[in-house]
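Survey of secondary and tertiary structure
Residue-level listing of the chains:
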Amino acid sequence: MTDLGNIALWIALLIGVWGSAVAFLGGRRGRSDLARSAERAAYVVWGLLLVATAGLLKALLTHDFNVEYVASYTSRNLPVWYTWSAFYAGQKGSLLLWAVVVATFGAAALLVNRGRHRELMPYVAGVVLVVVSFFVAVMLFAANPFERLGFTPPDGNGLNPQLQNPGMTIHPPMLYLGYTSITIPFAFAVAALISGRLDTGWLHAIRKWTLLSWLFLSAGVVLGMWWAYVELGWGGYWAWDPVENASLLPWLTMTAFLHSVMIQEKRGMLKRWNVGLVIGSFLLSIFGTFITRSGVISSVHSFTQSRVGYFFLIFLVLSAAVAFALLAYRWPRLEAESKLESVASREAAFLFNNLIFIVIAFSVLWGTLFPILSEWLRGTKVTVGPPFFNQVNVPLGLLLLLLTGIGPLIAWRRASPANLRRQFLAPALATLVVAAALVAIRMSDGWAIVAYALGAFVTATVAQEFVRGTGARHRLHREPYPLALVRLVGRNRRRYGGYVVHLGMVMLFAGFAGLAFKSDTEATLKPGQSVEVRSPYGHTYRITHQGVSQYERLNRFVSAASVDVFRDGRYLGVMKSEKRQHTDSFGRPTFEPSTEVAIRSDVREDLYIVYAGSVQGTEEAVYRITVNPLVWWVWYGGVVLVLGALITMWPGGGGPTPASLRRVEPAGYVAQVA
Amino acid sequence: MSHRSLSVALLLAASGAMAQTPGPRPPSTDSVGRLAAPGAVQSRERVTARDNDLLVKAIEGRMRCTCGCNLDVFTCRTTDFTCTTSPAMHRLVLARLDSALTPDQVVAAFEAQYGQAVLMAPPKRGFNWAAYLMPFAGLGAGLVVLGLVMRRWVRARPKPSPEPAGEAAGATAQELERLRRELERIES
């Protein structure tokens, strides 16, 4: 089956190259036979990559340790659930996942649009096939997951213990889905540029794809934060690591696009900007892959350094050159259809919002690359870590939060003073009340006060919209309030789903601001001894060490340290943090002992306990105890964010607006011949 | 403990992955039970009051552990329990504070020893200012460009129609009802 997988990759490469060539030729010459051949090639490549995927999965599940990849990332005693995650734990397998997911999305896009956008589809097929062929070529020439060893080891190395976590079974696939699905909007953008079909038709075709991509990226980023929090044991969830930054960059540009595209649909403006954002998002997704795989920047998340990075760098440069050359070529035809009427308008608010998104993306990219620049220009190594990113991005993020409240409520075209007063009086009052209350209770962090006050502002704007909309339906249709609310959201999912996303963002910001009040305490405790820790809310936690128990479990030897936890004298329960020594099927240790954190989470704060080790091999344990306020809000903020995106995407509501539909030109000649 | 567990424990105890080689039991741990497999757990020194000192934490938060983990010294020494670099850097911080250096002098001494890369953020001097200023320069440039574009757009916009704004106020009930239906249709 592995040999079949390898052969499937070679055939996929050949058909991919053929398909992409005939796709562009077919599109250029208006030859529907070539266009159809290209589309069929895309389906065949997808099928072949499924065969390759099945081949690697079979090798993993049957412990075929003669395959180098299987021996490197699995062992006989690795639970089946994590054997699946070994599929993308290493460089080679993750490349196959990339390729198969892009091919799947590509095939789905072609299938969904088989009767539509006929002038665009040959080029869409062509771009998808170029991207898929690139990934297949990288595998075949630099990182083949089916490469065999000269011998068959009795057992494999096993999977890194930090990857043996439920978060790692979901987080990387989500991010991959997010990264790879950007290929589809990119393919449509390039198709629109090549074909000259620059009306809003291509935007309608990619609307669901961009939302889907954004949804996966959002879920992937939040799940990655959750994994880092529960598994890495450092008490935080975002370290501004280059690989984390790489996942944030396309998210920022995609979010900017989701806002600016509304202006194009509604007013026919920002056409160049929108194409640029889609191209930029795709390039940033490739850049993220380059960062993760090249070893050019050191990161805890990186794959092993390899020559794969050069392939990605060349692909990145070529993709950028071709895409921006096409944009330059079509520049005159992407003139705005209307002009801005006032700075006090929704268009202007969205423009500012886009500016802030792009500046944040730039600052993240700049900070990520600055160490390379410094070493290159001056020969001086520098570190750009969280203090830098927080200093630069906190004010920008808060500015963005302010615009999150202003954008959706301010009128299109021109807001009158009466409109501004009607929309913003109550939210402004809410902001002032919250800010005054926080100052009154002597909250010590200025940025946190601003964050919570602006959070109140955005929440009030969203609540006001829901209240007014529900009230209007209740009055007009005499519907009970709950039904009116459901129908309000159901009839305009795009708008109200967007509001829900904004509420999710407020929750995330509330959680981020809580980090300002985080506290860490280290303690050494013998069984029966206690330590007291103060929370920022004024509670006192008493933590009493019970002892350390050791036992064998699945593929590891566990040392579990247990504590009794009391808050203000009230017993809360037992918390258990572990040290895990993973072993192979012969009982030999495979990795350094890893740590499992004990977390007690509620809406106010997390109590986060790490068993750091023991004093001289006894039950006298060293703990790090962290009180982390409002972390709950980050995870549930992520859930609300995803929920909002799902509401927006749900079929049957929130399609293109009438204004946007008016901007679609009638189909051209290919529609007749296809 | 099962037979197999015990063998795993013994293997662990004998393996090179051991965090320590248990020596004779010191008197201070007499009242504390020994672990069956001490090698399965990292060996740690007892925490002192100074390990929790906020000043020490703040200094260590400004410095990067040189083991290559990308974490600051405080986070590394309280997270990566296999690292020997961050505990050594911690001891050096304490020693330098004991020799009457101020926090800034302690950080400067580390910078002199390891170079700028030991700092978690580039020091604000010389070329490093570019790191801090570029994002805000980008914001400023973006605002200027946006301002100019907006001004051009606003000036170029078509003149508003001469109809008086208050026309709708004189609409009939039927007209208002029709408007309501139209708005509702567009909304849905």
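Residues numbered from 1 in each chain as written. Chains lettered and ligands numbered in written order. Predicted model: local features only at pLDDT ≥ 70, side-chain atom pairs only at ≥ 80, totals over all residues. Heavy atoms only, no water.

**Topic: the confidence of the model for chain A**
All names here are of chain A. What counts, and what does not: Every residue is assigned a pLDDT by the predictor, reflecting its confidence on a scale from 0 to 100. Secondary structure follows DSSP: runs of H or I at least 4 residues long count as helices, runs of E at least 2 residues long count as strands, and numbering of each begins at the N terminus. We call two residues contacting when some pair of their heavy atoms lies within 4.5 Å.
Averaged over all residues, the pLDDT of chain A is 90; the fraction at 70 or higher stands at 95%. No element of chain A has a lower mean pLDDT than helix α21 (residues 669-673), at 35, and none a higher one than strand β7 (residues 598-601), at 96. This model gives residues 667-674 a pLDDT under 50, and the stretch forms 16 contacts once residues within four places in sequence are excluded.

**So, the side chain of His171(A)**
All names here are of chain A. Our working definition: Here a polar contact means two N or O atoms within 3.5 Å. Within protein one must be a hydrogen donor candidate and the other an acceptor candidate, and residues neighboring in sequence count only if both atoms are side-chain atoms.
Relative to the helices and strands, His 171 resides in helix α7 (residues 166-181). From its side chain, His 171 meets the backbone oxygen of Gly 220 in a polar contact 2.9 Å long. Residues contacting His 171, with those up to four places away along its chain left out, are Gly 220, Leu 223 and Gly 224.

**A few points about the sheet that holds strand β9 (residues 621-629) of chain A**
Residue and element names in this part refer to chain A. Here is the rule: Only when DSSP finds a minimum of two bridges between them are two strands counted as paired. Think of each axis as a best-fit line through the C-alpha atoms, taken over the contacting stretch in the case of a helix, with angles from 0 to 180 degrees between the N-to-C directions.
The strand order β1-β9-β8-β7 describes an open sheet built from 4 strands, whose pairing is antiparallel. Each edge of the open sheet carries a strand with a single partner, namely β1 (519-525) and β7. Strand-to-strand twist in this sheet, taken as the mean axis angle between neighbours without regard to direction, amounts to 15 degrees.

**Some points on the nonpolar core**
Among soluble globular proteins, nonpolar side chains are generally buried collectively. Residues and elements named next belong to chain A. To keep things clear, this is the line we draw: Within this scheme, the nonpolar core is defined by two criteria: the residues are buried Ala, Val, Leu, Ile, Met, Phe, Trp, Tyr or Cys, and they are joined through side-chain atoms within 4.5 Å. Think of it in three bands: residues with accessible area under 20% of the maximum for their type are buried, residues over 50% are exposed, and the middle band is partly exposed, with areas taken using a 1.4 Å probe on protein chains only. The split into domains, and so the bounds of each, comes from an automatic or database assignment of domains.
In terms of nonpolar packing, the biggest core is built from 205 residues, with Leu 9, Leu 49, Leu 96, Val 136, Phe 188, Trp 202 and Phe 312 touching the most fellow members. Ranked by residues supplied to this core, first place goes to helix α9 (residues 201-232) with 19 residues. For this core, the domains that each give at least three residues are domain 1 (1-162) and domain 2 (517-632). Grouped together as the second largest cluster of nonpolar side chains are 22 residues, Ile 543, Ala 561, Met 575 and Val 627 included.

**Concerning empty space enclosed by the protein**
Residues and elements named next belong to chain A. Filter applied, for reference: Think of a 1 Å grid over just the protein atoms. A cavity is a set of points where a 1.4 Å probe fits yet cannot get out, a pocket is an open set with protein on both sides within 12 Å along at least five of seven lines, and lining residues have an atom within 4 Å of a point. Grid points are joined across faces, edges and corners, and a volume is the space filled by probe spheres set on the points. Residues are sorted three ways: Asp, Glu, Lys and Arg are charged, Ala, Val, Leu, Ile, Met, Phe, Trp, Tyr, Cys and Pro are nonpolar, and all the rest, Gly among them, are polar.
Evaluation of the coordinates by the stated rule reveals 3 cavities of 30 Å³ or more. A volume near 40 Å³ is recorded for the largest cavity. The wall of the largest cavity is formed by Ser 75, Asn 77, Leu 78, Gly 158, Leu 159, Gln 164, Asn 555, His 582, Thr 583, Asp 584, Thr 590 and Phe 591. Along the lines of polarity and charge, the residues of the lining of the largest cavity split into 3 nonpolar, 8 polar and 1 charged. The two domains that each donate at least three residues to the lining of the largest cavity are domain 1 (1-162) and domain 2 (517-632).

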